[in-house]
Amino acid sequence: MRIDVHAHYWAEDYIDLLTGLGQAGADAVRGIGAGGGAELETRLRLMDRAGVQMQVLSACPQLPYGGDGQKAARAARFVNDQYADLVQDHADRFRAFAALPMPHLEESLGELGRALDELRMAGIAMNTTVLGRALVEPGYEPVFAELNRRSAVLYLHPAGNSACSPLIGNYHLTWMVGAPVEDTISVMHLITHGIPTRYPDIKIINSHLGGALPMLLQRADDQYRWEAPDTPELPSVTARRMWYDTVGHGHVPALRCAIDSLGADRLLLGTDFPYENGDTFVRAVDYINDPQIDPGAAQAILDQNAGALLDIG
């Protein structure tokens, strides 16, 4: 089955809740094609055109993170219920990753359990940082422990915070450069802190081919012993314990690098809908079948790996 693991969905009333949480940028995503009604029908037609049979939806980076735990928990419950209803209505086309009201641990662990046990969602979605803080900070360990206990899928997406760098954010590079930099930093945090080795039953999916990771693996292997000596194993080994979506804006050399560095078995189809829409959405699928890509690798990426990981067939 051809499953797109990197696709966004949010309704107007959910964006209203995010605005109430103090997320000033939430209004910018209204009307871009990520919602229900006519937008949903347009999405389904485009999926058919590209040969995408199913999408796994997430609200990233519009996740219900905020300082008010009660408001954040209410928004998380609201969007997860919306996703569950959508999946129920279109069981042959959609699954969804649940949102958590981070950084509030008690509320997040409670919603994690509800989303996986009651709503039967496909996994959990988180941004690569939580209000500017790294996921590997000790306070977030209970979330990893619970995901590991459940052998759950964890999908990670950039927060859109320019990697907390004014050199990115102040120069109009938040998404062109900042997003893949966020991916790269997040994956390297996971590697150097041994998250995939300490929690081996979490199935971690990183966005955008892992950012610059495919080009940096040998560098990391050569330098980690003196810069991050507590890293439990070669970074290239840990990197291949995780998965990566293929959102690469149709750039075949980047996809080839990811296949060579990470392995075709670690790559999952992703489109980044609606940010890649129309012909660009179709390209996000078709570029995997480029003549420069081994046909066996392309078939695994397009039609096998996601279904096996998510147990959807």
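All of the points below concern the structure found in this document. Every value quoted in this text rests on a predicted model; they were computed, and no experiment measured them.

1. Quick notes on helix α2 (residues 38-50)
Every α-helical turn comprises 3.6 residues, leaving residues that sit three or four positions apart pointing alike. Over its 13 residues, α2 runs 19 Å from end to end, which matches the ideal 18 Å to within 8%, given 1.5 Å per residue. Among all positions in α2, only Leu40, Arg43, Leu44, Leu46, Met47 and Ala50 are buried. Projection of α2 onto a plane perpendicular to its axis shows the buried side chains occupying an angular sector of 165 degrees, all on one side. When the buried face of α2 is taken as reference, the exposed residues oriented beyond 90 degrees from it are Ala38, Arg45 and Arg49. Buried residues in α2 make contact with β1 (3-8), β2 (54-58), α3 (69-89), β3 (94-98) and α12 (278-286).

2. A word on the environment of Ile259
Summarising the element assignment, Ile259 is placed in helix α11 (residues 252-262). Owing to a relative accessible area of 16%, Ile259 belongs among the buried residues under this scheme. A C-alpha to C-alpha distance of 9.8 Å links Ile259 and Ile301, two positions 42 residues apart in sequence.

3. Observations concerning the packing of aromatic side chains
Overall, the coordinates contain 5 aromatic pairs when judged by the stated rule. Here the aromatic rings of Tyr9 and Tyr83 are separated by 5.8 Å at their centres, their planes lie at 70 degrees, and the arrangement is edge-to-face. Taken as a pair, Tyr9 in the loop between β1 and α1 (12-20) and Tyr83 in helix α3 lie far apart in primary sequence, 74 residues in all. Each of the two residues, Tyr9 as well as Tyr83, counts as buried. Ring geometry for Phe273 against Phe281: centres 5.8 Å apart, planes inclined by 85 degrees, an arrangement best described as edge-to-face. Judged by its relative accessible area of 2%, Phe273 is buried. The class for Phe281 is buried, based on a relative accessible area of 0%. In this arrangement the basic side chain of Arg266 is found over the ring face of Trp243, its NZ or CZ atom lying 4.1 Å from the centre.

4. As for the pattern of salt bridges
Side chains carrying opposite charge are able to pair once their charged atoms draw close together. Overall, the coordinates contain 14 salt bridges when judged by the stated rule. The shortest N-O distance in the salt bridge between Asp48 and Arg93 comes to 2.9 Å. Of this pair, Asp48 sits in helix α2 while Arg93 sits in the loop between α3 and β3, and the two are 45 residues apart along the sequence. With a relative accessible area of 13%, Arg93 lands in the buried category. In this structure, the salt-bridge partner of Asp279 is Arg49, at a minimum N-O distance of 2.4 Å.

5. Examining the packing of α3 against helix α4 (residues 105-117)
A pair of packed helices is characterised by two quantities: the angle between their axes and the separation of those axes. Across the interface, α3 lies against α4 with an axial gap of 10 Å and an inter-helix angle of 15 degrees. Classified by the angle between their axes, α3 and α4 sit roughly parallel to one another. Seen along the crossing, α3 lies across α4 with a hand that is right-handed. Taking contact as the criterion, the partners of Gly69, Ala73, Ala76, Arg77, Asn80 and Asp81 in α3 are, on α4, Glu107, Glu111, Arg114 and Ala115.

6. Side note on helix α7 (residues 174-192)
Thr174, Gly178, Ala179, Glu182, Asp183, Thr184, Ser186, Val187, Leu190 and Ile191 are the residues of α7 that are buried. Backbone geometry just after α7 places Gly194 at a positive phi near 65 degrees.

7. A closer look at the side chain of Gln55
Looking at where Gln55 falls in the secondary structure, it is placed in strand β2. Classification of Gln55 as buried rests on a relative accessible area of 0%. Within polar-contact distance, the side chain of Gln55 engages the side chain of Arg43 at 2.8 Å.

8. Re the packing of α7 against helix α9 (residues 213-227)
Where α7 contacts α9, the two axes come as close as 11 Å, and the packing angle between them is 40 degrees. The angle between the axes of α7 and α9 places the two elements in the oblique class. Of the two elements, α7 crosses α9, and the hand of that crossing is right-handed. Contacts between α7 and α9 involve Thr184, Val187, Met188 and Ile191 from the former and Leu213, Leu216 and Ala220 from the latter. Partitioned by chemical class, the residues of the contact of α7 with α9 number 6 nonpolar, 1 polar and no charged.

9. Notes on the sheet that holds strand β9 (residues 243-245)
Overall, parallel pairing links the 8 strands, which are arranged β1-β2-β3-β4-β7-β8-β9-β10 in an open sheet. Where the open sheet ends on each side, the last strands, each with one partner, are β1 and β10 (267-268). Relative to β9, strand β8 (residues 203-206) is paired through 2 bridges, and the arrangement is parallel. The residue bridging Asn206 from the neighbouring strand is Tyr244, located in β9.

Criteria and cut-off values
- Residues numbered from 1 in each chain as written.
- Predicted model: local features only at pLDDT ≥ 70, side-chain atom pairs only at ≥ 80, totals over all residues.
- Heavy atoms only, no water.
- Helix = DSSP H or I, 4+ residues; strand = E, 2+ residues; numbered from the N terminus.
- Expected span 1.5 Å × (residues − 1).
- Buried < 20%, exposed > 50% of the residue type's maximum accessible area, 1.4 Å probe, protein only.
- Arc of directions from axis to C-beta.
- Contact = heavy atoms within 4.5 Å.
- Phe/Tyr/Trp six-rings, centres within 6.5 Å; stacked < 30°, edge-to-face > 60°.
- Lys NZ or Arg CZ within 6 Å of the ring centre and 35° of its normal.
- Salt bridge = Lys/Arg side-chain N within 4 Å of Asp/Glu carboxyl O.
- Axes fitted to C-alpha atoms, helices over the stretch in contact; angles between N-to-C directions.
- Parallel < 35°, antiparallel > 145°, perpendicular 65-115°, else oblique.
- Left-handed = near helix turned anticlockwise from the far one by under 90°.
- Polar contact = N/O pair within 3.5 Å; in protein donor to acceptor, adjacent residues only side chain to side chain.
- Nonpolar A, V, L, I, M, F, W, Y, C, P; charged D, E, K, R; others polar.
- Pairing = 2+ DSSP bridges.

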